[in-house]
Amino acid sequence: MAKKSVAKNYIYDLIYRILQVLTPLITAPYVSRVIGSGGIGDYSFTQAICSYFTLTAVLGSNVYGQREIAFCGEDRTKRSQVFWEIMMIRFATILISGGAYIIRCQFEEGAIQVLLLLQCVDLFGLVFDVTWLIQGVEEFKVMLYRNLFIKFFSIAAVFLLIHSKKDLYLYVFLLSMAVVLGNVTLWPRLRQYISKPEWKNLQFKRHFLPIFSLFLPTVALRLHDSFDKVMLGHIVHSSDENGYYEQSRKIVTMAITIVTSLSNVMLPRMAALFAQNKKEKLKEYLYNSFEVVWVLALPISFGLAAVSDNLVPWFFGEGYDKVAVLLKAFAPICLAMAIMNVIGLQYLVPTERQRKYTLSIVIGTAANILMNAIMIPYFASLGAVVASVLSETVIIAVQLFMIHKEIPLAPMFRTIPWKLAASALMWCVVFFLSKRLTSSIFHTAVLTCAGGAIYLGILLLVRDSSIGKVMDMVKGKLKRKS
């Protein structure tokens, strides 16, 4: 296989992940009005429960499989063996987890039980998920092209088939099927990367411990990301509060995808450098990733907070005013998650420091659960948002402490001041303008363009070096070097 460009892979993966988020995001203004905050809240609650079982179904094989495929390099025979070994383990765990999930569904009744059963499609559809192989061989363009049609199809289906609150079940089914169909379309390309399995040579035991070691931080991350929804459902007993939280999370997820997509591209590259013992090159890539984080995540965080009041009313419709408040509180998590992804998924995991990665996530998750328990009874969805942001900060602090003896931290933060100043000034101008413009898609676009122009203009004026590096990435000059 030909050597891949980091810049091109970043663009491909970025577009692919934006499409994944964009599908529900494009339909959100329509669905929020048709289904209502209560229906969206019920879906959010049941989806959080289902996510625990989908997580158990694959253990830690997504990240582990991506890394192990990258370790194989150009050796097709070794790659094929690793793929089929991991695939058979996934098949067994998916069946076991699926059976447990069906039993769990029997403890609910009414609409909640129906929604849970519909999401069996998500769980059993994981059998067809081979994205970890495609990412491991750095063929991000394949995932993009194969999913374009599926995403557009699912968007059209929602607008054509969802017309009232009674269509909630159909809506959930469509979302699940879109993911499964997207995975199925990748299978015809497998023959380019792997050969048929030689069953007698497959060795499964060697994968159990490392997969499980990556399963622990994945569990902690999932708890960290979704346990707040479950706690909201049980403590507040309000589908509306879960709906507000879910809608604000969608916007934040879309925003952070621009930065966190870099981790998916860099993980196999960093794993390959680690396997080749190229420590200095690995460190160079890590510092470059932080450059991208600062130049993108800072303005995204400030900009999201600035446009929230103008965005929410026209985007979600009446009855969602609280989402604007949640977005302001949620905005800092864009920067926090970007930093966590760089340290965790671009350094700790590729360099086989799973224990440190796991410990940081477990500590952050414990902090998240504790803060949720304290804040949700008093502040409902706002308490869940604040708890998420604070616990994400705890994870970053722990990870920085873990790597400070291996990686000098000063170069990571040296270029922040001008970007922080530019972002703050951008926020002031955009927030001032938003108070004088009515809520509309046009005015939100104007505010976004104005904010981007102000931020970019300031960095160009002070000749910030990061702009040049990001432009080089866009032009595709960062090529893989052996």
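Anyway, here's the lowdown on the structure attached to this text.

Time to look at the overall build of the protein. In terms of helices and strands, the protein carries 19 helices and zero strands. Counting only residues that meet the buried cut, the protein has 56% of its 482 residues in that class. In the protein, once contacts between residues fewer than 6 apart in sequence are set aside, the share between residues at least 24 apart is 85%. Total accessible area on the protein stands at roughly 20,500 Å², and carbon and sulfur atoms take up 68% of it.

Residue Ala-380 is not a glycine yet carries a positive backbone phi of 55 degrees. Structurally, Ala-380 can be placed in helix H15 (residues 354–403). Classification of Ala-380 as buried rests on a relative accessible area of 12%.

On to the environment of Leu-117, then. Structurally, the position occupied by Leu-117 is in helix H5 (residues 110–118). Judged by its relative accessible area of 36%, Leu-117 falls in the partly exposed class. Along the primary structure Leu-117 and Ile-102 are separated by 15 residues, whereas in three dimensions their C-alpha atoms are 7.2 Å apart. Residues within four places of Leu-117 in sequence aside, it is in contact with Tyr-101, Cys-105 and Gln-106.

A separate point is a nonpolar patch on the surface. Together, Phe-91, Leu-95, Ile-102 and Phe-124 line one region of the surface with nonpolar side chains, adding up to about 330 Å² of accessible area. Looking at the nonpolar patch, the element that brings in the most residues is helix H4 (residues 76–105), giving three residues. You can see Phe-91 is positioned in helix H4. Residue Phe-91 is classed as partly exposed on the basis of its relative accessible area, which comes to 41%.

Let us look at the environment of Ser-51. Among the structural elements, Ser-51 can be located in helix H2 (residues 36–58). Take Ser-51: its relative accessible area is 4%, and that puts it in the buried class. Separated by 71 residues in sequence, Ser-51 and Asp-122 have C-alpha atoms that sit 8.9 Å apart. Within the structure, Ser-51 has its side chain in polar contact with the backbone oxygen of Ala-48 (distance 2.5 Å).

Right, let's get into the packing of H2 against H4. Packing of H2 against H4 leaves a shortest axis separation of 7 Å and a crossing angle of 155 degrees. Taken together, H2 and H4 sit at an angle that is classed as roughly antiparallel. Of the two elements, H2 crosses H4, and the hand of that crossing is right-handed. Contact residues: H2 offers Ile-49, Cys-50, Phe-53, Thr-56, Ala-57 and Val-58, while H4 offers Arg-90, Thr-93, Ile-94, Ser-97, Ala-100, Tyr-101 and Arg-104. Taken together, the residues of the contact of H2 with H4 sort by class into eight nonpolar, three polar and two charged.

This part is about the packing of aromatic side chains. Under the definition given, this model contains 15 aromatic pairs. On the basis of an interplanar angle of 80 degrees and a centroid distance of 6.2 Å, the ring pair of Tyr-244 and Tyr-320 is categorised as edge-to-face. Of this pair, Tyr-244 sits in helix H11 (residues 239–275) while Tyr-320 sits in the loop between helix H12 (279–316) and helix H13 (321–330); the two residues are 76 residues apart in sequence, bridging distant segments of the chain. Here the two residues Tyr-244 and Tyr-320 agree in accessibility, since each one is buried. Geometrically, the ring pair formed by Phe-316 and Tyr-320 is tilted, given 5.7 Å between the ring centres and 35 degrees between the ring planes. Taken as a pair, Phe-316 and Tyr-320 share a single burial class, namely buried.

Definitions and cut-offs
- Residues numbered from 1 in each chain as written.
- Predicted model: local features only at pLDDT ≥ 70, side-chain atom pairs only at ≥ 80, totals over all residues.
- Heavy atoms only, no water.
- Helix = DSSP H or I, 4+ residues; strand = E, 2+ residues; numbered from the N terminus.
- Buried < 20%, exposed > 50% of the residue type's maximum accessible area, 1.4 Å probe, protein only.
- Contact = heavy atoms within 4.5 Å.
- Areas by Shrake-Rupley, 256 points an atom, 1.4 Å probe, with all protein chains shown as cover.
- Patch = residues over 30% accessible without salt bridge, like charges linked within 9 Å, V, L, I, M, F, W, Y side chains within 5 Å.
- Salt bridge = Lys/Arg side-chain N within 4 Å of Asp/Glu carboxyl O.
- Polar contact = N/O pair within 3.5 Å; in protein donor to acceptor, adjacent residues only side chain to side chain.
- Axes fitted to C-alpha atoms, helices over the stretch in contact; angles between N-to-C directions.
- Parallel < 35°, antiparallel > 145°, perpendicular 65-115°, else oblique.
- Left-handed = near helix turned anticlockwise from the far one by under 90°.
- Nonpolar A, V, L, I, M, F, W, Y, C, P; charged D, E, K, R; others polar.
- Phe/Tyr/Trp six-rings, centres within 6.5 Å; stacked < 30°, edge-to-face > 60°.

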